[in-house]
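Below, each chain spelled out in residue letters.
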Amino acid sequence: MGFDLGLIIAFALAATATLSDFLRIPKKLRSWVAVVLIVGLYMVNQWLYAPSFDWKTALMEGVTAGLASVGIHSSTKNTIEHWTGSGSDQKNKQDSQSAV
């Protein structure tokens, strides 16, 4: 039986906002919550439903699916912006210079 990887990704992405609000995780770091949820759900799914569970393979497939679904480039960029604080400065500059 088991769940399809697409269903796991959809469920994890839908649960990310709620879980992040509950845990008070900043918006720029929410993609990592989605990656952790996807990896965790995929590993549990493989452990319960796969005929031969190999945790290394399940971990690599989960990480690959998680990073592909949230976008590794934008996740890394948002994380760097969050920790350096440059994202909010750039946004304020763009807002003040934008035309009406």
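For the structure, check the block above.
Below is a summary of the structure that appears in this document.

What follows deals with the overall build of the protein. Secondary structure summary: the protein contains five helices and zero strands in total. For the protein, the succession of helices and strands along the chain, N to C, is α-α-α-α-α. Counting the 100 residues in the protein, one finds 24% classified as buried. When the accessible surface of the protein is totalled, it reaches about 7100 Å², and 65% of it is carbon and sulfur.

This brings us to unusual backbone geometry. Its identity is not glycine, yet arginine 24 carries a phi of approximately 55°, on the positive side. Mapped onto the elements, arginine 24 comes out in the loop between helix H1 (5-23) and helix H2 (30-49).

By the element assignment, asparagine 45 lies in helix H2. When sequence neighbours within four positions are dropped, the list of residues in contact with asparagine 45 reads Gly2, Phe3, Ile8 and Ala50.

Here the focus is the pattern of salt bridges. Overall, the coordinates contain three salt bridges when judged by the stated rule. The salt bridge partner of arginine 30 is aspartate 21, with a shortest N-O separation of 2.4 Å. Given a relative accessible area of 48%, aspartate 21 falls into the partly exposed group. By sharing partners, the salt bridges in this structure join Lys28, Lys77 and Glu81 into a single network.

On to the environment of tryptophan 32. Relative to the helices and strands, tryptophan 32 resides in helix H2. Residues tryptophan 32 and leucine 67 lie 35 residues apart in sequence; the distance between their C-alpha atoms is 8.7 Å. Setting aside chain neighbours within four positions, we find tryptophan 32 in contact with Leu67, Ser75, Thr76 and Thr79.

To continue, consider H1. With 19 residues, H1 ought to run about 27 Å at 1.5 Å a step, and its terminal C-alpha atoms sit 25 Å apart, in line with that. For H1, every residue scored as buried is listed here: Ile8, Ile9, Ala12, Thr16 and Ser20. Residues of H1 that are buried make contact with H2 and helix H3 (55-70). Residue arginine 24 follows H1 closely and has a positive phi angle near 55°.

Rules of the game
- Residues numbered from 1 in each chain as written.
- Predicted model: local features only at pLDDT ≥ 70, side-chain atom pairs only at ≥ 80, totals over all residues.
- Heavy atoms only, no water.
- Helix = DSSP H or I, 4+ residues; strand = E, 2+ residues; numbered from the N terminus.
- Buried < 20%, exposed > 50% of the residue type's maximum accessible area, 1.4 Å probe, protein only.
- Areas by Shrake-Rupley, 256 points an atom, 1.4 Å probe, with all protein chains shown as cover.
- Contact = heavy atoms within 4.5 Å.
- Salt bridge = Lys/Arg side-chain N within 4 Å of Asp/Glu carboxyl O.
- Expected span 1.5 Å × (residues − 1).

As far as function goes, none of this settles anything; it's purely spatial.
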